Every structure is written in C-alpha cells, then in structure tokens.
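A closer look at the structure
Spelled out, the chains give:
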Amino acid sequence: MSKLLEIALGLVTGIGGFLEAGSLATAAQAGAAFGFQLIWAIALGTIAIAVLVEMGGRLAAVSQHTLPDAMRERFGIRFFLVPLVAVVVVSFLVLASEVGGVCLALQFTTGISFRWWAVPVAVALWLFLWKGTFGMVEKGASMLGLVTLSFVVGALKLHPPLADVGAGLVPSLPAHDTAQYWFMGVSILGASVSPYLFYFYSAGAVEDGWDESYLGINRVVAGLGMTFGGTIAVAVVACATLVLHSLGIQVDRYEQLPLLLSVPLGLWGFRLFAASLAIACFGAALEIALQLAYLVAQGFGWRWGENVRPREAARFALVYTVALPLAGLLIVTGVDVLKLTIFSMALTALSLPVTVVPLLVLMNDPDYLGDRTNGWLSNGAVLAVCVLACVVALVTIPLKIMGS
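We now turn to the structure provided with this report.

Reading guide: rules and limits
Residues numbered from 1 in each chain as written. Predicted model: local features only at pLDDT ≥ 70, side-chain atom pairs only at ≥ 80, totals over all residues. Heavy atoms only, no water. Axes fitted to C-alpha atoms, helices over the stretch in contact; angles between N-to-C directions. Helix = DSSP H or I, 4+ residues; strand = E, 2+ residues; numbered from the N terminus. Parallel < 35°, antiparallel > 145°, perpendicular 65-115°, else oblique. Contact = heavy atoms within 4.5 Å. Nonpolar A, V, L, I, M, F, W, Y, C, P; charged D, E, K, R; others polar. Phe/Tyr/Trp six-rings, centres within 6.5 Å; stacked < 30°, edge-to-face > 60°. Buried < 20%, exposed > 50% of the residue type's maximum accessible area, 1.4 Å probe, protein only. Lys NZ or Arg CZ within 6 Å of the ring centre and 35° of its normal. Salt bridge = Lys/Arg side-chain N within 4 Å of Asp/Glu carboxyl O. Expected span 1.5 Å × (residues − 1). Patch = residues over 30% accessible without salt bridge, like charges linked within 9 Å, V, L, I, M, F, W, Y side chains within 5 Å. Areas by Shrake-Rupley, 256 points an atom, 1.4 Å probe, with all protein chains shown as cover. Left-handed = near helix turned anticlockwise from the far one by under 90°.

1. Section: the packing of helix α4 (residues 67-75) against helix α15 (residues 337-363)
- The contact between α4 and α15 brings their axes to 10 Å, and the two run at 75°. When the axis of α4 is compared with that of α15, the two are roughly perpendicular. Note on element contacts: α15 touches α4 through P358, L359, V361 and L362, opposite L67, A70, M71, R74 and F75.
- Taken together, the residues of the contact of α4 with α15 sort by class into eight nonpolar, no polar and one charged.

What follows is the structure, given as structure tokens:
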C-alpha cells in the first residue's frame, strides 16, 4: 500500500512540477507563431526527459550514488568541473527566469512592477529552503502546481481539431521564418530536457532512501509523470494556437500570455493563469536552487541534505543562500524575463551533451549498475535527442542573436 501511495504522489509531483516558466513560454511562443507544428518537439523532449529521469532514479536506487557524486568518483574532479560549470551557469539563468515568472504573476494581480517583487520573492524562496524539508519542496509545491491543469481545461473549452494536433506530432518544415521555427524547436527541447530535473530527481531518490525495490515505482513515476506533464505543455500550445495564432498575435512579452486562459475561461481564466505562473515558477525555483546546492555539495564531497539542519550542512546551505539573491538582483535590473527565459532554454539545449553523456557512461558501467545497465535503445534515443538539440542550437542561436 505504501508503494502505491509513493506512485500516486510521484505522479502528482511529476504532473504538477513539469510546467514552469521555460515550458510555458516556449510552448506559448511556438503555438502563437507556428500553430500546432511544433508539438513534435514537446513529444520528443518528453520522451527524452522521461528516460533520463528514470536513469537518474535507477542510478540512485542501485548504486546509492547521486549523479554528481558518481561523476566525480568515476571521472575525477577535473573532468567533473566541466559539467559542473555548464550546469551551474545554465541553472542560474533558469533560476532567474523562474524568479522573474513569480514576480510577473504578482505584477498581474497587484499592478506593482515585477522589479519590486524580486527581492521579496528571493527571500521567500530562501526561507522555504532554510526552514523546509525535502518533502515540502518535492511534493508540496508540485501538488499545488496541479493548478496548471487549467490549461488542459482551457484547451478543451476551445475544442482543438484533433487531426491538426496529431499532425503536429510529425516534424514538418514551416512555410515562413525557418530560423525562428528551429530556434523555437530547440528552446522547447531545452525546456523539456532540462538537466536540473534529472539531477534533482537523482538526489531526491538518495535523500528518500530508495533501494532496488523502488525500481518499478521509478519507471512508473518517470514515464507517466513526465507524459502527463508533457500533455499540459501540448495544451498550452493548443491554447496559444487557437487564441493567439488565430488573431495574428506574436508573443514578445509576458503580458500577452494571460489571454491563453482569459479567452476560454473569462476572469477566472486570468486568475488561474496568474496562479499557475506564480505557483509553477515558485516550485521550479525551489527545485533549481536546491539542485544547485546538491550539485556543488555532492560534487565536492560536502555534507548535504535538505532534511539536514543548515548549520550541520553549512556549505550546502550557503550555495542556495548565494544563488537566490543573485537571481533576484538580475530581475531587479529590469531584464526582459521572456527573452531571458527563451534564451536560457536554448542554452540548456546547447549544454546537453556535456551534462547527459557522462550519465550515459555511468548507466553502462556495471560497477555502478550491476545487471541494471542501459540497453542500446535508451542509449541511442537519448544521445540522438541531445546531439540534435545541440547541433540545432549551435546554428540557430547565432542566427537569432543577429536577427534580433
């Protein structure tokens, strides 16, 4: 019975924790610009992150190692510094975009500029991590994130043509703005296959005391949780297509996004959008800040754990204590949060080979996995997605910068 409860809570956490600033912004821009055409990128990214999350959980359950800990042990500290720097830089930019998302949601509901909310939001996030437990971060915030299911309700109210949705699962060339199309595609992949998700999941499995008896739970939670989360992202594309694309509105600022729900659901839709943005981004910011602390502490062999008192894991707590104010200060400068979000997703895609290839090496090492190593299919699928995302990012990011 306890295992069934773990599956139920894990699925709820996966659904509520999937949609955040990156997934929301990229899906909305894709739908507004290209209709249903980029649904294939969400599907591809969802499959990849489900496989990667399952790998992270399996590594933790079988070897009792988190991913950074195993990487440092297997490859040495010098090699580990490469993915460490890549993940820290990308995760910090994503953290700032999540803080900005919370601030914008507060601006929508109060009329006070998002810049004034940056410091209070950063302090609230820090207090939550300082006083909270891992269960509060993992399950509490994500369960509240189920409010993002309102996008599914909004999409159903708009009656999307199922034939067009199905056609979007097949990659096709756009009739216009080819560079923008591929840039949006790679941004969606970056939002879906974000390294913080499987790094955080791996650390959480160790913190929760998983062993090999949890491998079945791990597969179900990773597969169904990410699939349901990807469905919410597809619902955002549907809302953007039927509301923004049909009106010829191109998304270039966050203030346009409440239309996604206010058109199909009226005033309650506006409120649900603000709540979805605030809760989803707050939960993601907690996980990213905690993942940064996990990454640095585990990589250097410090004591770590959200369930450990901060004074007993001082260096671990110091990491998120530094990261959150810096992210808040970036938002105080008045940075364009939407542009920051989109570009951080594209940079995430660019960094994927550096962050994923070491995981694949570990997942094929019997010293860590015994007879639970990867099969050729999962290796090939994940590697193909990461290489595709990286190559497209290398081409489209410079084109996008020059075009802007």
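The structure having been displayed, the exposition proceeds.
2. Here's the deal with the packing of aromatic side chains
- Enumeration according to the criterion identifies 17 aromatic pairs in this entry.
- Judged by centre distance (6.1 Å) and plane angle (85°), the ring pair of F316 and Y320 falls under edge-to-face. Of the two residues, F316 and Y320 are both situated in helix α14 (residues 314-332); the distance of four residues between them amounts to about one turn of the helix. This pair shows no difference in class: F316 is buried, exactly as Y320 is.
- Following the ring pairs from residue to residue traces out a cluster consisting of F200, Y294, W304, F316 and Y320.
- Taking NZ or CZ as reference, R271 lies 5.1 Å from the ring centre of W268, over its face.

3. Digging into the pattern of salt bridges
- In the structure shown here, the tally under the stated rule is five salt bridges.
- Measuring nitrogen to oxygen at the nearest pair gives 3.4 Å for the salt bridge that ties R372 to E212. Placement of R372 in the loop between α16 (366-369) and α17 (376-403) and of E212 in the loop between α11 (195-207) and α12 (215-243) is noted, with a sequence separation of 160 residues between them.
- Its relative accessible area of 39% is what places E212 among the partly exposed residues.
- Of the charged contacts in the structure, one is a salt bridge between D252 and R253, with a shortest N-O distance of 3.6 Å.
- On the basis of relative accessibility, which here comes to 48%, the residue D252 falls in the partly exposed class.

4. Digging into helix α5 (residues 77-110)
- Taking 1.5 Å as the rise per residue, α5 with 34 residues should run 50 Å; its terminal C-alpha atoms sit 48 Å apart, in good agreement.
- Trailing α5 by a residue or two, G111 shows a phi angle of about 85°, which is positive.

5. Some words on a nonpolar patch on the surface
- Nonpolar side chains collect at one region of the surface, where V357, V361, L383, V387, V391, L394 and V395 lie side by side and expose about 540 Å² of accessible area between them.
- Of all the elements in the fold, those that place two or more residues in the nonpolar patch are α15 and α17.
- With five residues, α17 is the largest single contributor of residues to the nonpolar patch.
- Residue placement: L383 occurs in helix α17.

6. A closer look at the environment of T373
- With respect to the helices and strands, T373 occurs in the loop between α16 and α17.
- The partly exposed category is assigned to T373, whose relative accessible area is 30%.
- C-alpha of T373 to C-alpha of M363: the two residues are 10 residues apart in sequence and 5.4 Å apart in space.
- In this view, T373 contacts R58, M363, N364, D365 and P366; residues no more than four positions away in its chain are not counted.

7. Things to note about unusual backbone geometry
- One non-glycine residue with positive phi stands out, namely Q64, at about 60°.
- Structurally, Q64 is set in the loop between α3 (39-63) and α4.
- For Q64, a relative accessible area of 41% translates into the label partly exposed.

8. Describing the side chain of T26
- Its place among the elements puts T26 in helix α2 (residues 21-34).
- Residue classification places T26 among the buried residues on the basis of a relative accessible area of 1%.
- Among residues more than four places away in sequence, those in contact with T26 are M184, S187, I188, A191, I342 and M345.

9. Describing the packing of helix α13 (residues 259-300) against α14
- In contact at an axis separation of 8 Å, α13 and α14 are set at 135° when each is read in the N-to-C sense. Here α13 is positioned oblique relative to α14, judged by the angle of their axes. The two elements α13 and α14 meet at a crossing, and its hand is right-handed. Contacts from A289, L290, L292, A293, Y294, V296 and A297 of α13 reach α14 at F316, V319, Y320, A323 and L324.
- Partitioning the contact of α13 with α14 into residue classes produces 12 nonpolar, no polar and no charged.

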